[in-house]
Each structure stands twice: as structure tokens, then as C-alpha cells.
Amino acid sequence: MDFLRPASWEEVLAAKAEHPTAVPIAGGTDVMVEINFDHRRPEYLLDLNRVGELGEWEVGEESVRLGASVPYTAVMENLRGELPGLALASHTVASPQIRNRGGVGGNLGTASPAGDAHPALLAAGAEVEVESVRGSRLIPIDDFYTGVKRNALAADELIRAVHVRKADGPQQYSKVGTRNAMVIAVCAFGLALHPDTRTVRTGIGSAAPTPVRARTAEEFLNAALDEGGFWDNGRIITPSVAKQFAELCAAACNPIDDVRGTASYRRHAVGVMARRTLTWTWESYRGTDGRAHRKGSVA
């Protein structure tokens, strides 16, 4: 196994073009586990740690650009206001040591359905900035996951950054595990209210071959909120609407039985998390978080 150590992003792209099978490594929290357990033995490892820009972030007017190597700890400590859903997801990642090393770029590169960042990125509506010597492009998060641990990257492409829209409303994240820390998700759920467009987006993790959105549930809730005038009047969402939303989110799952949980449990848990996160986000919207978007008074 050869270890490639380019000193700049341009050198990284050139090395990847010359060695398309090279596996990039930054935090190493996924790659090194696979290597240590002899599940993977790449011919080349491509070290990204000398490229400082990958660890930087930029807050723009409408979105945040996260370098691929920005650690979860930085998201938690610096971007809680702009990216609340992703900050909550970052809190659930493994241990402090892992959160100090691992980042969203690695989660996306691995593309495991159990990756903690995926539901939050789906709910927020992120875009993945990828690049090769041929040029760069933005991949919508909805198009990024192509299969179990597979993504839309070409062989010579690398993730440079992730663009996440700044929260315009409340966001929540919930995760079920077999213990409270250092655990792979049995299932996870992200929810984001987008009052500017009067829409809701979801993200489900570890309950299908890829991270997915509950699109039918979103369409139902969007219609219910619009027809009931909820965005304007800020009334409490009726139990029947919350129940139907939860059932539709559970139906969006396509889980398996494994050592962490059964398929039926995953469906049930996703429904419970969907109902709870909807309650939490809507209560926040009814309060100060949604005041600027409402035309009527809270009932």
C-alpha cells in the first residue's frame, strides 16, 4: 500500500487522476477501521491533511460552504445557528475524539446509510461540491446516494466542500442506537421547516439501502399545513395530521434485519421520531422562531 501526500489541492487532483483507485483519507475514522479489520486493502491511500482549505468553512448570505474536512466539533461549536440540524447530528457522532477528526466529507464519501450527517443534509437541502482535473460540479444531495455505500462521484472526482442552505426555520434531528454513545445508528431522522418556501423536508438514515427522504410524507404535510393556514396562524398541528405524517415516514423506509435491530422496529422507530421531531420543530416555529413568518396570531 503506497501513501500519497500531496501538498495542495491541485496536487491532490493530479494524484487522483493518475491513480483513480486511490482512497482519500482525512479524518480516517471510517477508512482506518476498514483497513485495520482487513476489510479493505487499497493500492494507494491519498492523504488530504496537508490541504488546509479543506478544513475551512465560509458563511455566505444564503448558505454555508463546509470544507470536506471540517470536523464535527467545529460544526457544533461554530455553526449551530446557521446549521442547527447538522449541529444536532454532529452531537450524536461517536466520541469527542472521533468528532474532532471526522467530518461531513468523509460521511459522504463512505455513503453508508447509517452515516449520521445524511438525514440532516437531506432535510436542509445540501449540495456536494466535487472536482477533478476535468473541472468541478455541484451534485444535489438528493442525487448523491446511488446505492449501498455508493455515491455519484466519478472515479477521478473528490469531494471538496458541501454547500448547506442556512436554516430559515427550526430543524431537528433524532437518532436511535443500542446505547447513548459510540454507536452506529439503528435508524435516524432529520426534519427541517422551510417557512420561506412553506415546505418541509425530511431525511431518514439506516432504514433503507441509502439515506432517503420521505417524499410522500412531505407532500402530505405541505398540503395539510397550507390548507389549514398553519404557516400563518401558528396553530398546533392536529394529532391526526401528525399521526398520518409519522405513518407515511415509516412507510418510506425499506429496512433490513441486522444485529442492531429488526426491520419492523426500524419502521416503528422512524414513525416515532417523525412525530416527535415534527412536534418539536412546530412548537419552535409557533414561538419566536416563526414570528417573522406568521401573519396571524398563535392560537
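Residues numbered from 1 in each chain as written. Predicted model: local features only at pLDDT ≥ 70, side-chain atom pairs only at ≥ 80, totals over all residues. Heavy atoms only, no water.

**Some thoughts on the overall build of the protein**
Short version of the rule: Helix and strand labels come from DSSP, where a helix needs a run of H or I of at least four residues and a strand needs a run of E of at least two; each type is numbered from the N terminus. Atoms counted for the radius of gyration: C-alpha only. Globule rule: 2.2 Å times residue count to the power 0.38. Only protein chains enter the area calculation, which uses a 1.4 Å probe; residues under 20% of their type maximum are buried, those over 50% are exposed, and those in between are partly exposed. Whether two residues touch is decided by their heavy atoms; if any such pair falls within 4.5 Å, the residues are in contact. Each accessible area is a Shrake-Rupley estimate made with a 1.4 Å probe; only the visible protein chains count as cover when residues are assessed. All tallies of charge rest on Lys and Arg as positive and Asp and Glu as negative; His and the ends of each chain are not included. Charged groups are reduced to one reference atom each: NZ for lysine, CZ for arginine, CG for aspartic acid, CD for glutamic acid.
Helix and strand counts for the protein stand at 11 helices and 13 strands. For 299 residues, the compact-globule formula gives about 19 Å, and the C-alpha radius of gyration of the protein, at 20 Å, lands near that figure. Summarising its shape, the C-alpha atoms of the protein cover approximately 65 × 45 × 30 Å along the three principal directions. Here the protein holds 299 residues, and 54% of them are scored as buried. A separation threshold of at least 6 residues defines the contact pool for the protein, and within that pool the share at least 24 residues apart is 63%. Taken as a whole, the protein presents about 13,700 Å² of accessible surface, with 49% of it coming from carbon and sulfur. Taking the average location of the 33 positive side-chain charges in the protein and that of its 36 negative ones, the two points are 7 Å from each other.

**So, the packing of helix α8 (residues 215–227) against helix α10 (residues 239–251)**
The line we're drawing: Here, axes are lines fitted to C-alpha atoms. For helices the fit covers the stretch in contact, and angles between N-to-C directions go from 0 to 180 degrees. These descriptions rest on fixed angle ranges, namely under 35 degrees for roughly parallel, over 145 for roughly antiparallel, 65 to 115 for roughly perpendicular, and the rest for oblique. In a left-handed crossing the near helix is turned counterclockwise from the far helix by less than a right angle, and in a right-handed crossing that turn is clockwise. By the convention adopted, Pro, Cys, Tyr, Trp, Phe, Met, Ile, Leu, Val and Ala count as nonpolar, Lys, Arg, Asp and Glu as charged, and the other residues, Gly among them, as polar.
Where α8 meets α10, the axes come as close as 8 Å, and the angle between the chain directions of the two elements is 160°. Compared by their axis directions, α8 and α10 come out roughly antiparallel. Crossing geometry of α8 relative to α10 is assigned as right-handed. Here Thr-216, Ala-217, Glu-218, Phe-220, Leu-221 and Ala-224 of α8 lie close against α10, whose contacting residues are Val-241, Gln-244, Phe-245, Leu-248 and Cys-249. The class makeup of the residues in the contact of α8 with α10 is 8 nonpolar, 2 polar and 1 charged.

**Looking at the nonpolar core**
Formally: We define the nonpolar core as a collection of buried residues of types Ala, Val, Leu, Ile, Met, Phe, Trp, Tyr and Cys that are connected through side-chain atoms lying within 4.5 Å of one another. Boundaries of every domain are those given by an automatic assignment or by a domain database.
In this structure, Leu-66, Leu-86, Val-104, Leu-108, Leu-121 and Ile-141 are the most contacted members of the largest nonpolar core, which totals 47 residues. When residues of this core are sorted by domain, at least three fall in each of domain 1 (2–46 + 55–165) and domain 2 (173–291). Once you skip the residues sitting within four places of it in the chain, Ile-141 turns out to touch Leu-108, Leu-121, Leu-122, Gly-125, Ala-126, Glu-127, Val-128 and Arg-201. Counting residues in hydrophobic clusters, the runner-up holds 32 residues, among them Leu-191, Leu-193, Leu-225 and Met-273.

**Quick look at the domain arrangement of the protein**
Here is the rule we go by: In the sections that follow, a salt bridge refers to a side-chain nitrogen of Lys or Arg positioned within 4 Å of a carboxyl oxygen of Asp or Glu. Here a polar contact is recorded for every N or O atom pair within 3.5 Å, except that within protein the pair must consist of a potential hydrogen donor and a potential acceptor, and residues adjacent in sequence are included only if both atoms are side-chain atoms.
For the protein, the domain assignment lists domain 1 (2–46 + 55–165) and domain 2 (173–291). Put simply, the middle of domain 1 and the middle of domain 2, counted by C-alpha atoms, are 24 Å apart. Contact with domain 1, which involves 24 residues of that partner, is made by 26 residues of domain 2. The interface formed by domain 1 and domain 2 holds 4 salt bridges in total. A salt bridge links Asp-142 to Arg-215, with the shortest nitrogen-to-oxygen separation between them at 3.6 Å. The interface formed by domain 1 and domain 2 holds 8 residue pairs in polar contact (both at pLDDT 80 or more) in total. Element by element, the count of residues in the side of domain 1 that touches domain 2 is highest for helix α7 (residues 118–124), at 6 residues. Here the residues of the side of domain 1 that touches domain 2 sort into 13 nonpolar, 8 polar and 3 charged.

**Structural notes on the sheet that holds strand β7 (residues 135–140)**
The condition is simple: The pairing criterion is simple: DSSP has to find at least two bridges between the two strands.
Within the open sheet, the 5 strands sit side by side as β4-β5-β10-β6-β7. Their pairing is antiparallel. The strands lining the two open edges of the sheet, one partner per strand, are β4 (57–59) and β7. Across the sheet, the axes of successive neighbouring strands diverge by a mean angle of 20°, strand direction being ignored. Here 5 bridges tie strand β5 (residues 63–67) to strand β10 (residues 158–165), and the two strands are oriented antiparallel to one another. The residue of β10 that forms the bridge with Ser-63 is Arg-165. Strand contacts of helix α1 (residues 9–18): β6 (127–132) and β10, with the helix running at about 120° to β10, the strand carrying the most contacts.

**Describing the environment of Glu-62**
With respect to the helices, strands and loops of the structure, Glu-62 is situated in the loop between β4 and β5. Overall, Glu-62 belongs to the exposed group, its relative accessible area being 63%. Along the chain, Glu-62 and Arg-40 lie 22 residues apart, while their C-alpha atoms are 39 Å from each other.

**Some points on the UniProt feature "domain: FAD-binding PCMH-type" (unreviewed entry) in the protein**
Stated precisely, the cut-off is as follows: UniProt positions are given in the numbering used here, feature names are shortened, and annotations may be inferred rather than shown by experiment.
Residues annotated by UniProt as "domain: FAD-binding PCMH-type" (unreviewed entry) correspond here to residues 1–169. A distance of 47 Å separates the end C-alpha atoms of residues 1–169, which is 30% helix and 25% strand.

**Focus: the sheet that holds strand β1 (residues 2–4)**
Strand order in the open sheet made by the 3 strands is β1-β3-β2, with parallel pairing throughout. Two strands lie at the open edges of the sheet, namely β1 and β2 (23–25), each paired on one side alone. Averaged over neighbouring strand pairs, the angle between their axes works out to 30° when direction is ignored.

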